[in-house]
Amino acid sequence: MRKQIIAGNWKMNTTYKEGLELLHTLKSNLEPITETEIVICPPFTHLDAAKNIVNNTEIKIGAQNCYEEESGAYTGEISCKMLQSIHCDYVIIGHSERRTYLRETNAQFNKKIKLAYAHNLIPIYCIGETLSERETNQTYTVLETQLREGLSEIALETNPIVIAYEPVWAIGTGKVATPDQAQDAHQFIRNTLKTLYSEAIAQTIQIQYGGSVKPENSTSLLNLPDIDGALIGGASLDPLAFTTIIKEALTLQRS
Ligand code: PEP
């Protein structure tokens, strides 16, 4: 059975001091929980200290991005090797904010995923359609292309991955996908993984939902057959909200 995986994407929020205080609070709330996987993705500046705070707990640390080259003259970028050197566990790749504002492409994400594996990081690969793509019935085509191109020449038989389905129109907007919309997209993603790989692989991959997840809507989403967790932005900065969502996931997992 797939475990629920809940990840918090802090984005470009919190100073160093604020971030570490938030993480200490989350650690004391979440440390006893071991059945649900928990990943915290703070800004780069906090990662090393964050990793030390959660040392000896089941809480994992993820970066929000990495660069698509191994090393070299890429001013301002962070490599997977650097993330590995501070024992980072996960890396978010393909977030829609990077697709939209930084114009990053599936080909770049493919290179990043390969480098993540070379440095022992688990990618959380984000995919999702924009509102206009949904309204013009292109959702499946977009998701299929993002999967096929982003995962090109990647052997999921030997490498772990988490897929995050994040409809762009639901990120940071307060507009959450309905359970039917979310389950339909997740089922499509799982079927596509089956076509690209195999039924056995498709059944083991955790697929998170992301987009305005809050304690008020998380149970109805996490309860769906093809949803295996959530990638959470805004609500991950509120320790009470984030803890509540994780406890709801835990209850569902136990039931
Ligand atoms: C995200 O940043 O991936 C996200 C889903 O944000 P929010 O929960 O704020 O919509």
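Refer to the structure above for everything that follows.
Residues numbered from 1 in each chain as written. Predicted model: local features only at pLDDT ≥ 70, side-chain atom pairs only at ≥ 80, totals over all residues. Heavy atoms only, no water.

1. Quick word on the overall build of the chain
Within the chain one finds 11 helices and 8 strands. Rg of the C-alpha trace for the chain: 17 Å, near the compact-globule value of 18 Å for 255 residues, within the 12% margin. With the C-alpha coordinates aligned to their principal axes, the bounding extent of the chain is approximately 50 × 45 × 35 Å. Sorting the 255 residues of the chain into buried and exposed places 55% on the buried side. Considering only intrachain contacts with a sequence separation of at least 6, the fraction spanning at least 24 residues in the chain is 74%. (Helix = DSSP H or I, 4+ residues; strand = E, 2+ residues; numbered from the N terminus. Rg over C-alpha atoms; globule rule 2.2 N^0.38 Å. Buried < 20%, exposed > 50% of the residue type's maximum accessible area, 1.4 Å probe, protein only. Contact = heavy atoms within 4.5 Å.)

2. Quick word on the sheet that holds strand β2 (residues 37-41)
Sheet architecture is closed into a barrel: 8 strands sit in the order β1-β2-β3-β4-β5-β6-β7-β8, paired in parallel fashion. Strand-to-strand twist in this sheet, taken as the mean axis angle between neighbours without regard to direction, amounts to 25°. As defined by bridge partners, strand β4 (residues 90-93) adjoins strand β5 (residues 122-127) across 4 bridges and the pair is classed as parallel. Looking at β5, one finds that Tyr90 is bridged to Ile122. Strands in contact with helix α11 (residues 239-254) are β1 (5-9), β2 and β8 (229-232); relative to β1, the strand with the most contacts, it is inclined by about 165°. (Pairing = 2+ DSSP bridges. Axes fitted to C-alpha atoms, helices over the stretch in contact; angles between N-to-C directions.)

3. Digging into the nonpolar core
Ile163 and Leu193 are the most contacted members of the largest nonpolar core, which has 69 residues in total. Residue contributions to this core peak at 7 residues, all from α11. Beyond its immediate chain neighbours, meaning those up to four positions away, Leu193 contacts Leu147, Leu151, Ile163, Ser198, Ala202, Ile205 and Ile207. Counting residues in hydrophobic clusters, the runner-up holds 11 residues, among them Val39, Val162, Ala164 and Leu231. (Core = buried A, V, L, I, M, F, W, Y, C linked by side-chain atoms within 4.5 Å.)

4. Some remarks on the pairing of β1
Among the 5 residues in β1, 5 count as buried, and that is most of the element. Of the two faces of β1, the one holding Ile5, Ala7 and Asn9 and the one holding Ile6 and Gly8 are both buried throughout. Here β1 runs beside β2; their pairing, made up of 5 bridges, is parallel. When the sheet's bridge partners are listed, Asn9 is paired in β2 with Cys41.

5. Describing the state of the cysteines
Following the criterion strictly, the structure yields 0 disulfides and no others. Considering cysteine sulfurs only, Cys66 is the nearest to Cys80, which forms no disulfide, with 3.6 Å between them. Residue class for Cys80 comes out buried when judged on its relative accessible area of 2%. (Disulfide = S-S within 2.5 Å.)

6. Observations regarding helix α5 (residues 106-118)
The end-to-end C-alpha separation of α5 is 18 Å, in line with the 18 Å expected for 13 residues at 1.5 Å each. Looking at α5, one finds that the buried residues are Asn106, Gln108, Phe109, Asn110, Lys112, Ile113, Leu115, Ala116 and Tyr117. Its buried side turned inward, α5 meets α3 (80-85), β4, α4 (96-101), β5 and α7 (139-150). Two residues or fewer past α5, Asn120 is found with a positive phi of approximately 65°. (Expected span 1.5 Å × (residues − 1).)

7. Regarding the site of the ligand
Neighbouring the ligand are 14 residues, the closest being Lys11, Glu166, Gly172, Ser212 and Gly234. Here an oxygen atom of the ligand sits 3.3 Å away from a polar atom, N or O, in the side chain of Asn9. Separating an oxygen atom of the ligand from a side-chain N or O atom of Lys11 is a distance of 2.7 Å. Its free accessible area being 290 Å², the ligand has 97% of it covered by the protein chains. Of the residues that constitute the shell around the ligand, the class distribution is 4 nonpolar, 8 polar and 2 charged. (Near = heavy atom within 4 Å. Polar contact = N/O pair within 3.5 Å; in protein donor to acceptor, adjacent residues only side chain to side chain. Areas by Shrake-Rupley, 256 points an atom, 1.4 Å probe, with all protein chains shown as cover. Nonpolar A, V, L, I, M, F, W, Y, C, P; charged D, E, K, R; others polar.)

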